[in-house]
Amino acid sequence: MTPALETLLTTDLHEAARFIQRGELVAFPTETVYGLGADVFNESAIGKVFAAKGRPSDNPLIAHVSHQDQIKQLAADIPDDAQKMIDAFFPAPLTLVLPKHDRVPLLASAGLQTIGVRMPRHDLAREFITACGTPLVAPSANLSGSPSPTTWQAVAADLLGRIACILQGVQTEVGLESTVVDCTGDAPVVLRTGGVTLEQLQAIVPATRKADATDLHQPKSPGLKYRHYAPHATVVMVSEMNELKGNEHAAWIGLHAPRSSDWHLIKQCADVAEYAHELFAFFRACDAQGIKAIYCEAVAEQDLGVALMDRIRRAAHR
Ligand code: AMP
Ligand code: MG
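This is a predicted model, so every value here is computed, not measured.

Rules used throughout
Residues numbered from 1 in each chain as written. Chains lettered and ligands numbered in written order. Predicted model: local features only at pLDDT ≥ 70, side-chain atom pairs only at ≥ 80, totals over all residues. Heavy atoms only, no water. Helix = DSSP H or I, 4+ residues; strand = E, 2+ residues; numbered from the N terminus. Buried < 20%, exposed > 50% of the residue type's maximum accessible area, 1.4 Å probe, protein only. Pairing = 2+ DSSP bridges. Contact = heavy atoms within 4.5 Å. Axes fitted to C-alpha atoms, helices over the stretch in contact; angles between N-to-C directions. Arc of directions from axis to C-beta. Core = buried A, V, L, I, M, F, W, Y, C linked by side-chain atoms within 4.5 Å. Phe/Tyr/Trp six-rings, centres within 6.5 Å; stacked < 30°, edge-to-face > 60°. Salt bridge = Lys/Arg side-chain N within 4 Å of Asp/Glu carboxyl O. Parallel < 35°, antiparallel > 145°, perpendicular 65-115°, else oblique. Left-handed = near helix turned anticlockwise from the far one by under 90°. Nonpolar A, V, L, I, M, F, W, Y, C, P; charged D, E, K, R; others polar.

**Student:** What is the right way to look at unusual backbone geometry in this model?
**Tutor:** In most cases, non-glycine residues show a negative phi, while peptide bonds are predominantly trans. Cis geometry is adopted by the peptide bond preceding Pro-91, which originates at Phe-90 and carries an omega value of -5 degrees. Within the secondary structure layout, Pro-91 lies in the loop between helix H4 (80-89) and strand S5 (94-99). Although it is not a glycine, Ala-110 sits at a positive phi angle of roughly 55 degrees. The residue Ala-110 is located in the loop between S5 and strand S6 (114-118) in this model. Exposure remark for Ala-110: the relative accessible area of 22% places this residue in the partly exposed category. At Asp-303, a residue that is not glycine, the phi angle is positive and equals roughly 50 degrees. Mapped onto the fold, Asp-303 is located in the loop between strand S15 (293-297) and helix H10 (304-316).

Listed below in structure tokens is the structure:
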């Protein structure tokens, strides 16, 4: 066993940036979820990311930039459709998969000749990346398999003693991971749904399409084959509330209040955005309270509802 690290908690982004410059790992807030950052050009630091998370080495990392100029350091080429999406959306909860620059270690892309690139919308995230002076690889800052962290406390619960530093910020705004779009083929393909919707992408590049079974089978986006976002409790998706009864070991989250009040925990959200914002924090709160089953109300599969339903389905699938 490697001895536990002392994890520094700080709100000082310059102090946090110095750890990145020394080849250490720093968890930092973005608008989607907290990321676990490492210098994209430092192979030993990238290795630490996989070790700290217990992440399989065939699951590629997303590189984060604070300025559009940095994309050229990461991508060998920026296809026209990708450039249109960059111009229209960046900074955004949107990751574009591009042909990888030789300088980026293959360890970051899990051996692929492509690299996912994102510019976060969250100001603190971009200021932090700028202070580091290098783009950062940053997967979600959780132990592999558990729900992505939307608060610094959730990061600490998973990674205290495993990483050098946590840059403390507020609870993340979107609450779900970025939309991932593959821009290396004939037409852009949405590999993972997220805060930027298919309709918004199609308004800029009409040929953009959803991934079909072949895209996901290849697998184009290796990480998608792993179980994700799941709490210890069993997750049940609820489309029909009529007959539903709670019990002292069960929790409810949705847009409506359940009929009965005999639940251990109830979270009623005002809209789909709040539901997405709260989902992973709710999963973690339920686990902390020893809840056995979490019932999640289904929502209409439009706009952000598509990504929310995707995450609930993945959490429910065992
Ligand atoms: P995470 O950072 O934990 O949200 O996971 C990032 C996910 O983005 C991975 O699991 C992949 O599904 C996807 N991804 C990252 N880089 C690539 C790439 N080069 N090609 C395809 N998918 C990617
Ligand atoms: Mg993740």
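So that's the structure; there's more coming.
**Student:** Got a minute to help me understand the sheet that holds S5 in this structure?
**Tutor:** Strand order in the open sheet made by the 11 strands is S1-S8-S2-S3-S7-S4-S6-S5-S9-S10-S11, with mixed pairing throughout. Looking at which strands have only one partner, the edges of the open sheet turn out to be strand S1 (8-10) and strand S11 (209-210). Summarising the sheet, strand S3 (residues 35-39) and strand S7 (residues 136-137) pair through two bridges and their orientation is antiparallel. Among the inter-strand pairings, Ala-38 is bridged to a residue of S7, identified as Val-137. Along the sheet, helix H6 (residues 152-159) makes contact with S1, strand S2 (26-28), S3 and strand S8 (165-167), crossing S8 at roughly 165 degrees.

**Student:** In this structure, what is going on with helix H1 (residues 13-21)? I would like to understand it.
**Tutor:** Quick reminder: α-helices carry 3.6 residues per turn. Residues three or four places apart thus point the same way. What H1 keeps buried is the set Leu-13, Ala-16, Ala-17, Phe-19 and Ile-20. For H1, the angular spread of the buried residues around the axis is 150 degrees, confining them to a single face. Its buried side turned inward, H1 meets S1, S2, S3, helix H5 (123-132), S7 and S8. Gly-23, located one to two residues past H1, shows a positive phi value of around 80 degrees.

**Student:** Would you take a moment to explain the nonpolar core for this structure?
**Tutor:** The nonpolar side chains of a soluble globular protein tend to be buried with one another. In this structure, Leu-36, Leu-94, Leu-96 and Ile-163 are the most contacted members of the largest nonpolar core, which totals 45 residues. Elements supplying a minimum of two residues to this core: S3, helix H2 (43-53), helix H3 (71-74), H4, S5, S6, H6 and helix H7 (198-204). Here this core takes five residues from H2, the largest share from any one element. Within the second largest apolar cluster, 24 residues are counted, among which are Ile-253, Ala-276, Met-309 and Ile-312.

**Student:** Honestly, the packing of aromatic side chains in this entry has me stumped. Any pointers?
**Tutor:** Each aromatic ring pair is characterised by the separation of its centres together with the angle its planes make. Per the counting criterion, the structure on display carries four aromatic pairs. Residues Phe-28 and Phe-128 carry aromatic rings whose centres are separated by 5.1 Å and whose planes lie at 45 degrees to one another, so their mutual orientation is tilted. Pair noted here: Phe-28 is in strand S2 and Phe-128 is in helix H5, with a separation of 100 residues, a long-range link. For the pair Phe-28 and Phe-128, a shared accessibility class is recorded, and that class is buried. Each member of the aromatic cluster is reached from another via a ring pair, and the members are Trp-252, Trp-263 and Tyr-295.

**Student:** Please explain the pattern of salt bridges as it appears in this structure.
**Tutor:** Opposite charge on two side chains allows them to pair when their charged atoms are near. This model, assessed by the stated rule, comprises 11 salt bridges. Glu-177 is the salt-bridge partner of Arg-311, the closest N and O atoms lying 2.8 Å from each other. Taken together, the residues Arg-311 in helix H10 and Glu-177 in the loop between S8 and strand S9 (179-182) connect sequence positions 134 residues apart. Arg-311 sits in the buried class, given a relative accessible area of 0%. Several salt bridges converge on common partners, so that one network encompasses Glu-177, Asp-310, Arg-311 and Arg-314.

**Student:** Help me understand H4 in this model?
**Tutor:** Among all positions of H4, only Ala-82, Met-85, Ile-86 and Phe-89 are buried. Along H4, the residues classed as buried sweep out an arc of 105 degrees about the axis, all on the same side. Opposite the buried face of H4, by more than 90 degrees, sit the exposed residues Asp-80 and Asp-87.

**Student:** Would you take a moment to explain the environment of Ile-163 for this structure?
**Tutor:** When you line up the elements, Ile-163 lands in the loop between H6 and S8. With a relative accessible area of 0%, Ile-163 lands in the buried category. Through-space distance from the C-alpha of Ile-163 to that of Leu-8 is 8.7 Å; in sequence the pair is 155 residues apart. Not counting residues up to four positions away in its chain, the partners in contact with Ile-163 are Leu-5, Glu-6, Thr-7, Leu-25, Ala-27, Leu-36, Ala-52 and Val-155.

**Student:** Whenever I open this one, the packing of H1 against H5 confuses me. Can you help?
**Tutor:** Pairs of packed helices are described in terms of their axes, by the angle between the two and the distance that separates them. Here H1 crosses H5 at 50 degrees, and the two axes come no closer than 8 Å. Relative to H5, the element H1 is oriented oblique. Along this stretch, H1 crosses H5, giving a crossing that reads as right-handed. When H1 is examined against H5, the residues Leu-13, His-14, Ala-16, Ala-17, Ile-20 and Gln-21 are found in contact with a partner set consisting of Leu-124, Glu-127, Phe-128, Ala-131 and Cys-132. Taken together, the residues that form the contact of H1 with H5 break down as eight nonpolar, two polar and one charged.

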